Protein chains: 2
Amino acid sequence: MIMSRIEAPRDDVTGNLTDRLLAALPAEAVLTDPDVTASYANDMASFCPAGAPAVVVLPRTVEQVQHVMRTATELRVPVVPQGARTGLSGGANATDGCIVLSLTKMDRILEISPVDRIAVVEPGVVNAALSRAVEEHGLYYPPDPSSWEMCTIGGNIGTASGGLCCVKYGVTAEYVLGLEVVLADGRLMSTGRRTAKGVAGYDLTRLFVGSEGSLGIVVRAVLGLRPKPPQQLVLAAEFASAAAACDAVCRIMEGGHVPSLLELMDRTTVKAVNDLAHMGLPETTEALLLAAFDTPDPTADLAAVGALCEAAGATQVVPAEDAAESELLLQARRLSLTALEAVKGTTMIDDVCVPRSRLSAMLDGVEQIAAKYGLTIGVCCHAGDGNTHPTVCFDALDPDESRRARESFDEIMALGLELGGTITGEHGVGVLKKEWLAREIGPVGVEMQRAVKQVFDPLGILNPGKLF
Amino acid sequence: MIMSRIEAPRDDVTGNLTDRLLAALPAEAVLTDPDVTASYANDMASFCPAGAPAVVVLPRTVEQVQHVMRTATELRVPVVPQGARTGLSGGANATDGCIVLSLTKMDRILEISPVDRIAVVEPGVVNAALSRAVEEHGLYYPPDPSSWEMCTIGGNIGTASGGLCCVKYGVTAEYVLGLEVVLADGRLMSTGRRTAKGVAGYDLTRLFVGSEGSLGIVVRAVLGLRPKPPQQLVLAAEFASAAAACDAVCRIMEGGHVPSLLELMDRTTVKAVNDLAHMGLPETTEALLLAAFDTPDPTADLAAVGALCEAAGATQVVPAEDAAESELLLQARRLSLTALEAVKGTTMIDDVCVPRSRLSAMLDGVEQIAAKYGLTIGVCCHAGDGNTHPTVCFDALDPDESRRARESFDEIMALGLELGGTITGEHGVGVLKKEWLAREIGPVGVEMQRAVKQVFDPLGILNPGKLF
C-alpha cells in the first residue's frame with residue numbers, strides 16, 4: 001500500500017516518503033533498493049509473517065530519529081524499529097510498506113561512571129561491546145542474552161532480555177534507570193533518572209522496557225552497572241531423570257544458595273551438542289545441570305550445591321577445577337540452540353517460564369507433547385528461574401511436520417499457563433505469541449494495555465501488528 | 001460537598017453514599033462519625049492540605065473493594081486509598097467528601113514459598129510482619145523504610161518505598177512481581193506474574209508501583225524474596241568535613257564494594273540524636289558515616305572500607321565488634337528523624353536523590369541554604385544511593401519560620417535538580433511536591449503521564465489532586 005505511495009509522482013499530495021526522509025537524512029542513511037530493504041524484513045523467529053519495507057533508515061542522531069517519526073506521523077506510515085534482529089518472536093519483522101528504523105548506527109557509549117555505577121548509551125551499542133567497555137572500569141553489565149555478541153542494548157530494552165545470569169542478577173529491566181524516547185509524533189521525552197533511586201511520577205521507563213518498539217523509539221539509555229564479580233566456577237551434575245535434576249534445582253534454591261547461573265540441558269540437547277561439537281558430554285545422562293558461583297569462595301559453594309545434587313540423586317557431580325574448565329561447560333550450554341537447529345534444519349524456540357517448583361511438571365509435560373506429535377523437542381532451561389526453552393526441531397520443507405511443530409509449540413505455552421507460568425520469560429510476544437498474550441493477561445488486561453498503547457501511539461504507526 | 005449528599009434524604013436520586021456502601025460492607029467497616037473520619041485525614045507530611053472524608057471504609061475482601069469502587073464510580077465520589085498513613089508527601093491525605101479506602105484490614109499473608117522465593121500478600125500486611133514471617137523460612141524481604149514497624153506493603157507499593165538496605169538490595173519496585181488491582185470502575189485486573197521472569201505485554205506492574213493510589217487499588221501482591229543474608233556488621237567513621245565523608249562514599253563505591261548499608265549523618269543530626277537518646281555519639285565530628293556488610297566475611301570487608309575512609313581523611317574509624325554493637329549504631333541512624341523533630345517541634349523531610357558523585361555538592365548546598373534562611377537543617381542520607389533527607393527543623397507556630405522552612409525545602413529540590421538528581425528518591429510526590437514533578441519531568445512527560453492516568457481513571461476519582 002505504502003509502496004504505491006513511493007512510486008507515485010513527485011507532485012503527489014502526500015509527497016514522496018523517500019524525499020521527505022532525505023530532507024533531513026543523508027543519502028547513505030536511506031535505503032530503498034528492494035534487494036537491500038528485503039534483507040531487513042525479518043528477525044530470527046520461525047513462522048512469523050513479514051512484509052516488504054518501503055524504506056530502511058539508519059539514523060545517527062536523535063534529531064534524525066525525530067525527523068523520521070515526524071515524517072511517519074505526517075504520512076501515516078508504519079515504523080518498525082530494529083536492533084540487530086536477533087529476536088525470536090518476530091517483534092522486529094517488517095510490515096508491508098513500513099519504514100524500517102534501524103538503530104544500529106547509533107552505537108556510541110556516551111559515558112561510563114564508576115562512582116555512579118552507570119553507563120549512558122545509544123540504542124545501537126552491541127551488548128558485548130558495552131560489557132567489555134565497562135569491564136575495563138571494573139564494572140559489570142549483567143544482562144547476557146545468548147545473542148550478546150550481536151544484539152543491541154536497544155533491542156534488549158525492547159524485549160526486556162534475559163540470559164544466563166538472571167538467576168542472580170535479574171533481567172534487562174533491572175538495569176534501565178532512565179530513557180530518552182522519541183514519541184510517535186517526533187517529540188522527545190525523558191523518563192526516569194540517572195540516580196540510584198527515584199520515584200517522581202509514573203515509572204514510564206519500565207513501561208518502555210519490554211514494549212517491543214510499540215510505544216516509542218528509545219534513543220538513549222541510562223543503565224545501572226554492578227561491580228565486576230569474581231570469575232565464576234562451574235559444576236556439572238548428571239541425573240538419571242529430569243525430575244531428579246529439577247528436584248536438585250528446588251533444593252538449591254530452597255537452601256538459600258545464590259548461584260550465578262543454574263542451567264539444565266536435557267538428553268536431546270546434550271546429544272545435539274555432542275553431535276555438533278564433539279564435546280564429549282555424557283550422553284547417558286537424562287539431564288545435565290550446570291551450577292556456577294561467582295562468590296569469594298566458589299569452591300565451598302560448589303561443594304554445598306554438589307552435595308544437594310547428590311542428595312537429589314545425581315549420578316555424577318563434577319566441579320570444574322578452574323576458569324578454563326568452567327568456560328568449556330558454559331560453551332556447551334551456549335551451543336545448545338545452534339546444536340538443536342542442526343538436528344532437523346529448523347527450530348521453534350519456546351520461552352515458557354514457570355514457578356521453579358513446577359519445573360519438573362513442565363519438563364514432564366514437554367516430553368509427553370513431543371511423544372504425542374512425534375517430534376524431537378530438546379529442552380534447555382535457565383532452571384534457576386524456571387525459564388524453559390523447549391526447542392521444537394523440524395524440517396521446514398515438510399508441511400505436516402511443520403504443522404505439528406507449530407501445534408506442539410502452542411501446546412507447550414498452554415502447559416506453561418496451566419502451571420502458573422508465562423508464555424514468555426525473556427523473548428517477548430512479537431508476532432509469534434500475540435494470540436497467546438490475551439490468554440495470559442485476560443480481557444481486562446488486554447483492554448488496558450491497548451489503551452496505554454493508544455496514549456503513546458494514537459495513529460497506530462509504531463510497530464503495528466505486534467503484541468496485540 | 002459529598003457530606004451534603006450523605007445528609008440528603010434517602011430518596012435522593014443519587015442515593016445515599018453510606019447506604020450504598022453498606023449494601024455490601026458490614027457496619028463496622030463503614031465509619032461515618034466525623035470525629036473518627038477526621039482522624040484518617042492525614043499522613044505524616046507537613047504543609048499538606050487535607051480535606052474531610054465523607055466516610056472511611058475498611059474492607060476485608062477483594063469483593064468489598066470492588067463494591068467500594070463501583071459505588072464511587074456510580075456516584076462520582078473521589079477515593080483516597082490509605083495504608084498506615086506513614087507517608088511523608090501527603091499522598092494519603094483525604095480530599096473533601098472523599099471515601100477513605102483504608103486497606104489495613106486486608107492484612108493476610110496468603111503464601112510463602114521458599115522454593116519459588118515469593119510471598120503472596122494482601123496490601124494491609126505490615127512490612128515488619130512480612131519480614132518476620134519470611135525470616136522463619138530463611139527468607140528476606142529487603143525493603144525497609146524507617147516506618148517498617150508500622151507501614152504496610154500496599155503503602156510501600158504505592159510510594160515505591162526504599163530504606164536503608166537499598167544500596168545493596170534495591171527498592172520496593174524490584175520486589176513486586178505481580179499484582180491484583182481493582183480498577184476505578186470496580187473491575188479486577190491481574191498484572192505481572194509469579195515466576196522469576198516474565199515479559200508478556202507491557203509492564204503494568206511497575207506502572208502501579210509508585211503510582212500513589214492514582215491508577216487503581218492494589219488488593220494482592222506477589223513479592224519476590226531473597227535468601228536471608230548473614231547478620232550485618234557495621235563500621236562507624238568520623239570525618240572533619242562532610243566533603244571528606246562524601247569522598248569516602250565515592251571511594252567505596254568506585255572500589256567495587258557492595259555494602260549492605262552506607263549511611264551518613266551530619267553534625268546536626270548526630271547532636272540531635274545525642275540530645276534525644278544520650279547515645280554518646282561523637283559530637284565533634286562533622287559527618288558520621290556508617291557502612292555495613294552482610295557478606296560471608298564482613299570483618300575483612302569492613303577493614304577494606306575502613307582503610308578507604310582513612311584515605312579519605314576519616315579522623316576515627318571504629319568497626320563494631322559484634323551484632324549488638326552494630327545494632328546500637330543502626331539505632332542511632334534510625335532515631336535521626338525523630339531526634340530532628342525534637343529540635344523545633346516540626347520538620348519537613350526532603351528526599352532529594354542525586355548521583356552519588358554529586359553528594360558532596362548537595363550537602364554543601366544544603367548548608368548554604370540553611371545559612372541563607374537562618375534555619376537548622378539536619379541531613380541524614382542513604383549516602384550509597386545519593387539519597388539525602390535534608391530535614392528542615394522549624395516552629396510551626398512561627399509563621400515567618402514556617403515560610404522560610406517551606407522556601408528552603410523548595411530550594412533544596414531546585415538544588416537537587418540542578419545537580420542531575422530527582423525531587424524524590426523514595427517518599428513520592430503526593431501533594432507536597434506536585435508542582436515540582438512538572439519541573440523534573442517536563443511538559444511532554446507530564447502530558448504523557450496525565451494521559452496514562454486518564455486511561456485508568458477516566459472520571460478522575462482515584463486520589464485526585466495528588467502527583468499532578
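Residues numbered from 1 in each chain as written. Chains lettered and ligands numbered in written order. Predicted model: local features only at pLDDT ≥ 70, side-chain atom pairs only at ≥ 80, totals over all residues. Heavy atoms only, no water.

1. What about the overall build of chain A?
So, point 1. For chain A, the count of helices and strands is 16 helices and 18 strands.
So, point 2. Relative to the 2.2 N^0.38 estimate, which gives 23 Å for 468 residues, the radius of gyration of chain A is 23 Å and therefore close to what a compact globule would have.
So, point 3. On the principal axes, the C-alpha backbone points of chain A span a range of 75 × 60 × 45 Å.
So, point 4. In chain A, buried positions account for 62% of the 468 residues.
So, point 5. Across chain A, contacts joining residues at least 24 apart in sequence account for 72% of those joining residues at least 6 apart.
So, point 6. For chain A, the exposed surface amounts to about 16,300 Å²; the carbon and sulfur share of it is 52%.
So, point 7. For chain A, the separation between the mean place of its 38 positive charges and that of its 59 negative charges on side chains is 6 Å. (Helix = DSSP H or I, 4+ residues; strand = E, 2+ residues; numbered from the N terminus. Rg over C-alpha atoms; globule rule 2.2 N^0.38 Å. Buried < 20%, exposed > 50% of the residue type's maximum accessible area, 1.4 Å probe, protein only. Contact = heavy atoms within 4.5 Å. Areas by Shrake-Rupley, 256 points an atom, 1.4 Å probe, with all protein chains shown as cover. Lys, Arg positive; Asp, Glu negative; His and termini not counted. Charge placed at Lys NZ, Arg CZ, Asp CG, Glu CD.)

2. Examining the UniProt feature "domain: FAD-binding PCMH-type" (unreviewed entry) in chain A
So, point 1. In this structure's numbering, the residues bearing the UniProt feature "domain: FAD-binding PCMH-type" (unreviewed entry) are residues 49-228 of chain A.
So, point 2. Overall, residues 49-228 of chain A shows 22% helix and 24% strand. The separation of its end C-alpha atoms is 41 Å. (UniProt positions renumbered as here; feature names shortened; annotations may be inferred.)

3. Things to note about the pairing of strand 5 (residues 109-113) of chain A
Residues and elements named next belong to chain A.
So, point 1. Here four bridges tie strand 5 to strand 6 (residues 118-121), and the two strands are oriented antiparallel to one another. Its bridge partner being in strand 6, Ser 113 is matched across the sheet by Ile 118.
So, point 2. A loop of four residues connects strand 5 with strand 6, the two strands running antiparallel in sequence, and Arg 117 in this loop sits at a positive phi of about 50 degrees. (Pairing = 2+ DSSP bridges.)

4. Focus: unusual backbone geometry
So, point 1. One non-glycine residue, Glu 212 of chain A, lies in positive phi territory at about 55 degrees.
So, point 2. Positionally, Glu 212 of chain A belongs in the loop between helix 8 (204-208) and strand 10 (217-224).
So, point 3. Given the relative accessible area of 7%, Glu 212 of chain A is considered buried.
So, point 4. The phi dihedral of Ala 160 of chain B is positive, around 55 degrees, even though this residue is not glycine.

5. A word on the sheet that holds strand 2 (residues 55-57) of chain B
The pairing of strands in a sheet comes from backbone hydrogen bonds and takes either a parallel or an antiparallel form.
Residues and elements named next belong to chain B.
So, point 1. Pairing is mixed across the open sheet formed by four strands, whose spatial order is 1-2-4-3. Each of the sheet's edge strands pairs with one partner strand only, and the pair in question is strand 1 (30-31) and strand 3 (79-82).
So, point 2. Its contacts with the sheet place helix 4 (residues 62-75) against strand 2, strand 3 and strand 4 (99-102), and it is angled at close to 165 degrees to strand 4. (Axes fitted to C-alpha atoms, helices over the stretch in contact; angles between N-to-C directions.)

6. Comments concerning helix 4 (residues 62-75) of chain A
All names here are of chain A.
So, point 1. With 14 residues, helix 4 should cover 20 Å at 1.5 Å per step; its first-to-last C-alpha distance of 20 Å lies within 8% of that length.
So, point 2. Most of helix 4 is tucked away, with 11 of its 14 residues classed as buried.
So, point 3. Of the residues making up helix 4, those classed as buried are Val 62, Gln 64, Val 65, Gln 66, His 67, Val 68, Met 69, Thr 71, Ala 72, Thr 73 and Leu 75. (Expected span 1.5 Å × (residues − 1).)

7. Description of the interface of chain A and chain B
So, point 1. Listed as interface residues are 73 residues of chain A and, on the opposing side, 73 residues of chain B.
So, point 2. Ranking the residues of chain A by area buried against chain B places Lys 197, Val 199 and Tyr 202 of chain A at the top, with a combined share of 17%.
So, point 3. The closest approach of N and O atoms between Lys 197 of chain A and Asp 385 of chain B, which form a salt bridge, is 3.9 Å.
So, point 4. Taken together, chain A and chain B are joined by 26 residue pairs in polar contact (both at pLDDT 80 or more).
So, point 5. Among the elements of the structure, strand 9 (188-192), helix 8, helix 9 (242-254) and helix 16 (434-456) of chain A are those that each provide at least two residues to the side of chain A that touches chain B. (Buried area = accessible area lost by both parts, 1.4 Å probe. Salt bridge = Lys/Arg side-chain N within 4 Å of Asp/Glu carboxyl O. Polar contact = N/O pair within 3.5 Å; in protein donor to acceptor, adjacent residues only side chain to side chain.)

8. Re the packing of helix 10 (residues 267-277) of chain B against helix 13 (residues 336-344) of chain B
All names here are of chain B.
So, point 1. Relative to each other, helix 10 and helix 13 sit at 85 degrees, their axes nearing to 8 Å. Put simply, helix 10 runs roughly perpendicular to helix 13. Residues Thr 268, Thr 269, Ala 272, Val 273 and Leu 276 of helix 10 touch helix 13, and the partners they reach there are Ser 336, Thr 338, Ala 339, Leu 340, Ala 342 and Val 343.
So, point 2. Of the residues assigned to the contact of helix 10 with helix 13, the class counts are seven nonpolar, four polar and no charged. (Parallel < 35°, antiparallel > 145°, perpendicular 65-115°, else oblique. Nonpolar A, V, L, I, M, F, W, Y, C, P; charged D, E, K, R; others polar.)

9. Points about the state of the cysteines
So, point 1. What the rule picks out here adds up to zero disulfides over all chains.
So, point 2. Summary of cysteine pairing: Cys 353 of chain A is not part of a disulfide, and the nearest cysteine sulfur, belonging to Cys 166 of chain A, is at 9.6 Å. (Disulfide = S-S within 2.5 Å.)

10. Some words on the packing of aromatic side chains
Residue and element names in this part refer to chain A.
So, point 1. The final tally for this structure, using the stated rule, is 10 aromatic pairs over all chains.
So, point 2. Ring plane angle 75 degrees and centroid distance 6.1 Å describe the contact between Tyr 141 and Tyr 175, whose orientation is recorded as edge-to-face. With a gap of 34 residues between them, Tyr 141 in the loop between strand 7 (139-140) and helix 6 (153-159) and Tyr 175 in the loop between helix 7 (166-169) and strand 8 (176-182) connect regions that are remote in the sequence. One exposure class covers both Tyr 141 and Tyr 175, and it is buried.
So, point 3. Each ring, one from Phe 208 and one from Phe 456, has its centre 5.4 Å from the other, and the planes form 80 degrees; the classification is edge-to-face. Taken as a pair, Phe 208 in helix 8 and Phe 456 in helix 16 lie far apart in primary sequence, 248 residues in all.
So, point 4. Looking at Phe 208, the relative accessible area reads 2%, which means it is buried. (Phe/Tyr/Trp six-rings, centres within 6.5 Å; stacked < 30°, edge-to-face > 60°.)

11. Thoughts on the relation of the copies chain A and chain B
These two copies of the chain differ by a rotation about an axis and a displacement along the same axis.
So, point 1. Mapping chain A onto chain B leaves a residual RMSD of 0.0 Å; the transformation is a rotation of 180 degrees accompanied by 0.0 Å of translation along its axis. Within this description, the copies of the chain are treated as partners about a two-fold rotation axis. (Least-squares fit on C-alpha atoms with pLDDT ≥ 70 in both.)

12. As for the domain arrangement of chain A
Residues and elements named next belong to chain A.
So, point 1. Segmentation of chain A into domains returns domain 1 (2-102), domain 2 (109-227) and domain 3 (233-418).
So, point 2. Taken together, the contacts link seven residues of domain 2 with 14 residues of domain 3.
So, point 3. In total, domain 2 and domain 3 occlude about 910 Å² of area from one another, counting both sides; carbon and sulfur atoms represent 60% of this.
So, point 4. By the criterion of area lost to domain 3, the three top residues of domain 2 are Leu 164, Val 167 and Lys 168, representing 70% of everything that side buries.
So, point 5. In this assembly, domain 2 and domain 3 are joined by one salt bridge.
So, point 6. At the junction of domain 2 and domain 3, the tally comes to three residue pairs in polar contact (both at pLDDT 80 or more).
So, point 7. The residue makeup of the side of domain 2 that touches domain 3, split by class, is five nonpolar, one polar and one charged. (Domains from an automatic or database assignment.)

13. Digging into helix 12 (residues 323-334) of chain B
Residue and element names in this part refer to chain B.
So, point 1. Its 12 residues place the ends of helix 12 16 Å apart at the C-alpha level, agreeing with the 16 Å of an ideal helix rising 1.5 Å per residue.
So, point 2. Listed as buried for helix 12 are Ser 326, Leu 329, Leu 330, Ala 332 and Arg 333. Buried residues of helix 12, viewed axially, fall in a sector of 150 degrees; they line one side. (Arc of directions from axis to C-beta.)

14. Looking at the sheet that holds strand 9 of chain A
Residues and elements named next belong to chain A.
So, point 1. Taking strand neighbours across the sheet as the criterion, the five strands line up as 5-6-10-8-9 in an open arrangement whose pairing is antiparallel. One side of each edge strand has no neighbouring strand; the edge strands of this open sheet are strand 5 and strand 9. Sheet twist, expressed as the mean angle between neighbouring strand axes with direction ignored, is 10 degrees.

15. Digging into the pattern of salt bridges
Pairing of side chains with opposite charge becomes possible as their charged atoms draw close.
So, point 1. Tallied over the full model, the rule gives 49 salt bridges over all chains.
So, point 2. For the salt bridge of Asp 275 of chain A with Lys 271 of chain A, the shortest nitrogen-to-oxygen distance reads 2.9 Å. A residue pair is termed a helical-turn pair when its members lie 3 or 4 positions apart in one helix, as Asp 275 of chain A and Lys 271 of chain A do in helix 10 (residues 267-277) at four residues.
So, point 3. Judged by relative accessible area, Asp 275 of chain A falls into the partly exposed class, the value being 46%.
So, point 4. As a salt-bridge pair, Arg 187 of chain B and Glu 447 of chain A come within 2.9 Å of each other at their nearest N and O atoms. Placement of the pair is Arg 187 of chain B in the loop between strand 8 (176-182) and strand 9 (188-192) and Glu 447 of chain A in helix 16, with the two residues belonging to separate chains.
So, point 5. In this structure Arg 187 of chain B comes out as partly exposed when scored by relative accessible area, which is 29%.
So, point 6. With a relative accessible area of 40%, Glu 447 of chain A lands in the partly exposed category.
So, point 7. Sharing partners across several salt bridges, the network here consists of Lys 344, Asp 400, Glu 401, Arg 403, Arg 404 and Glu 407 of chain A.

16. Topic: the environment of Val 134 of chain A
All names here are of chain A.
So, point 1. Structurally, Val 134 is set in helix 5 (residues 127-135).
So, point 2. On a C-alpha basis, the gap between Val 134 and Ile 112 in space is 6.9 Å, while along the polypeptide they are 22 residues apart.
So, point 3. Not counting chain neighbours up to four residues away, the residues in contact with Val 134 comprise Ile 112, Leu 139, Tyr 140, Tyr 141 and Leu 225.

17. A word on the environment of Leu 264 of chain A
Residue and element names in this part refer to chain A.
So, point 1. Within the fold, Leu 264 resides in strand 13 (residues 261-266).
So, point 2. Each C-alpha atom of the pair Leu 264 and Leu 288 lies 5.7 Å from the other, and the pair is 24 residues apart in sequence.
So, point 3. Excluding its chain neighbours within four sequence positions, the residues that come into contact with Leu 264 are Ala 245, Cys 246, Ala 287, Leu 288, Leu 289, Leu 363, Val 379, Cys 380, Cys 381 and Ala 383.

18. Looking at the packing of helix 15 (residues 399-418) of chain A against helix 16 of chain A
A pair of packed helices is characterised by two quantities: the angle between their axes and the separation of those axes.
Residue and element names in this part refer to chain A.
So, point 1. Direction vectors running N to C along helix 15 and helix 16 enclose 10 degrees, while the axes themselves pass 11 Å from each other. Taken as axis vectors, helix 15 and helix 16 run roughly parallel relative to one another. Handedness of the crossing formed by helix 15 with helix 16: right-handed. Residue-level inspection shows Asp 410, Met 413, Ala 414 and Leu 417 of helix 15 in contact with helix 16, the latter providing Trp 436, Arg 439 and Glu 440.
So, point 2. Looking at side-chain class alone, the contact of helix 15 with helix 16 contains four nonpolar, no polar and three charged residues. (Left-handed = near helix turned anticlockwise from the far one by under 90°.)

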